[in-house]
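Observations on chain architecture
As a plain string of letters, each chain reads:
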Amino acid sequence: MWWDERVSARFRRNLQPTLTYWSVFFSFGLCIAFLGPTLLDLRCQTQSSLSQITWVFFSQQFCLLLGSCLGGVFKRTLAQSLLALFASSLAISLVFAIIPLCHNVVVLAVVMAVAGLAMGCIDTISNMQLVKIYQKDSAIFLQALHFFVGFGALLSPLIADPFLSDTNCILANGTANASSNLPHIRKSLLPHHPGNLSHYDLPIKGMVVTRVSYAFWIMALINLPVPIAVFFLLYKERMVPCFNGSSHPLLSADELALETRPGDKDELSTAGQRPHTAAAGHEDLFSCCQSKNFRGVSFTYFAVHITGALVLFMTDGIVGEYSGFVYSYAVEEPLAVVHKVAGYLPSLFWGFITLGRLISIPVSYRMKPATMVFINVVGVLITFLLLLIFSSSVVFLFVGTASLGLFLSSTFPSMLAYTEDILQYKGCATTVLVTGAGIGEMVLQLLVGSIIHDRGSYSFLVCGMIFGCLAFTFYALLVFFHRMYPKPCPELDEASPEKAAAPEDTGQYQR
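Conventions used here
Residues numbered from 1 in each chain as written. Predicted model: local features only at pLDDT ≥ 70, side-chain atom pairs only at ≥ 80, totals over all residues. Heavy atoms only, no water. UniProt positions renumbered as here; feature names shortened; annotations may be inferred. Helix = DSSP H or I, 4+ residues; strand = E, 2+ residues; numbered from the N terminus. Buried < 20%, exposed > 50% of the residue type's maximum accessible area, 1.4 Å probe, protein only. Contact = heavy atoms within 4.5 Å. Areas by Shrake-Rupley, 256 points an atom, 1.4 Å probe, with all protein chains shown as cover. Expected span 1.5 Å × (residues − 1). Salt bridge = Lys/Arg side-chain N within 4 Å of Asp/Glu carboxyl O. Phe/Tyr/Trp six-rings, centres within 6.5 Å; stacked < 30°, edge-to-face > 60°.

Per an unreviewed UniProt entry, the recorded name for the protein is MFD4A protein, and the organism is Loxia curvirostra. Recorded under Sequence similarities (unreviewed entry), the UniProt text for the protein is reproduced unchanged: "Belongs to the major facilitator superfamily." Here is the UniProt Subcellular location (unreviewed entry) comment for the protein, exactly as written: "Membrane".

This is the structure:
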């Protein structure tokens, strides 16, 4: 194996929880990308206008952000985390099954809001639990976690595509004229953003002839094994309410003895008598903001949190705005790419994000997270600069789109691992970073959309270049504050009574 025996042994000990968290993130990816290509069929199903149906995007994104903020409430103990993940993954399957029954746009928006809350909880809890299990070895496992998001995001549009209507799915007078616009409009909706659709006139009354319901029911069935996997982990940990007997760690006493250094055995036995509570570094936003957590900390503690969140605000915002508007940019002058060809750009972007996350799994074991983030932000900056220089080249637009996907792919997990490592897993980095990334994806899409509407399509690349420069600037500040951040004293660290309970020493699956 391309990693050492220590990491391999740790992975084997935590195989079931790790695979469970990866599968739950597959649910996240499956749910995040289906709305764009199916939105026109959902408009027909709800018999609503395009301006009304686009509010479904907002309800999902806003509640995803809210769920990310509130996800920390459910992670104080392992039982709460797993119960929240079980409820969230089951809710996503139920959402897929219920969507075909939503014939009112308000009801559909409420259902998608529930899906957003579930996705937000999954995002926060899964990242935090993997960091708590692997700590300094978490980078490689976070890269794999985010690969499953990309895999799910690629799969759901492929499932939906055979069931999408080729012509207008509401038959009414003037349908022939509206039908010719449908492929163009559908491509402009991929994968997340509805774009500016106010000038398209499609009927909202008539006979509905869509088969998109089958796509959602297939996705519900595909997602169903995920909550079952979480339930099995709950059952194995004896955390199912009807089997709430004595709880035993996933690591047996014999295995734990083999992994513990002789000098740590007495400390470990003492630590085993302590009640396992959530690590101080994995609070929710409300707990993070309590004044007791700020006593005695330096200003660099806050600076690391803020600059790390700002880097992801920019990079995740670039993911959202680029995937949302690259098609619209390509079909406008001066490129004037054929609509069918331009429709491949969002898929190419997400495909290379997924490929980049797969490549980053082995790379992250050999390369430090800080180095990976540096390569990512510099690569994004250079790619946007070349896109501006060769703005009239269709070929380079495809090359640049693939390059941008590769460089953005591993930014989030690498930044998460880097920031948590700076804070020695005692800050609120995961919650703050997940929240900052969610805000960036929502805000920068709206900002770029309004700028393109006012300034033209070329401003799309200019905005990307500005966001890339800001991401690099915030990363440089993060490195500066990292050098200023106080390092733990080795002597005090060895004498600390908490050291015996640290999962980094024992590799134990935390409760």
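**A short note on the overall build of the protein**
Secondary structure assignment for the protein yields 24 helices and 2 strands. Across the 511 residues of the protein, 57% fall into the buried class. Of the contacts made within the protein by residues no fewer than 6 positions apart, 83% connect residues no fewer than 24 positions apart. Of the roughly 21,500 Å² of accessible surface on the protein, a fraction of 67% belongs to carbon and sulfur atoms.

**A look at the side chain of S410**
One can find S410 in the loop between α19 (394-409) and α20 (411-422). Overall, the relative accessible area of 2% leaves S410 in the buried class. With residues near it in sequence (within four places) discarded, S410 still touches Q143, S360, M372 and N376.

**Observations concerning helix α7 (residues 105-134)**
Because an α-helix completes one turn every 3.6 residues, residues spaced three or four positions apart along the sequence face the same direction. Here α7 spans 43 Å end to end across 30 residues, near enough to the 44 Å set by a 1.5 Å rise per residue. The buried fraction of α7 is high, at 25 of 30 residues. Of the residues flanking the end of α7, it is Q135, one or two places downstream, whose phi is positive at about 45 degrees.

**Structural notes on the environment of H103**
Residue placement: H103 occurs in the loop between α6 (78-98) and α7. H103 gets classed as exposed once you look at its relative accessible area, which sits at 54%. When sequence neighbours within four positions are dropped, the list of residues in contact with H103 reads Q45 and T46.

**Remarks on the environment of V373**
Along the chain, V373 falls in helix α18 (residues 369-389). For the pair V373 and F412, spaced 39 residues apart in sequence, the C-alpha to C-alpha distance is 8.5 Å. Setting aside anything within four residues of it in sequence, one finds V373 in contact with T411, S414, M415 and Y475.

**Brief notes about the pattern of salt bridges**
Inspection of every chain in the model, using the stated rule, returns 2 salt bridges. Note that K136 and D421 form a salt bridge whose closest N and O atoms lie 2.6 Å from each other. Linking K136 in the loop between α7 and α8 (138-160) with D421 in helix α20, this pair joins segments that are 285 residues apart in sequence. We classify K136 as partly exposed; its relative accessible area is 48%.

**Side note on the environment of L70**
Within the fold, L70 resides in helix α5 (residues 55-70). Here the alpha-carbon distance between L70 and L117, two residues 47 residues apart in the chain, equals 8.7 Å.

**With respect to the packing of aromatic side chains**
For the coordinates displayed, the defined rule picks out 23 aromatic pairs. The interplanar angle of 50 degrees and the centroid separation of 6.1 Å between the aromatic rings of F86 and F231 together place this pair among those described as tilted. Remark: F231 occurs in helix α11 (residues 225-236) and F86 occurs in helix α6; sequence separation between them is 145 residues. F86 gets classed as partly exposed once you look at its relative accessible area, which sits at 24%. Residue F231 is classed as partly exposed on the basis of its relative accessible area, which comes to 33%. Arranged with centres 5.4 Å apart and planes meeting at 35 degrees, the rings of Y329 and F460 form a pair that is tilted. Here Y329, found in helix α15 (residues 299-331), pairs with F460, found in helix α22 (residues 459-484); they are 131 residues apart in sequence, far enough to count as distant. Just as Y329 is buried, F460 falls in that class too. Through a chain of ring-to-ring contacts, three or more aromatic side chains come together here, namely F11, W22, F26, Y134, F141, F147, F148 and F151.

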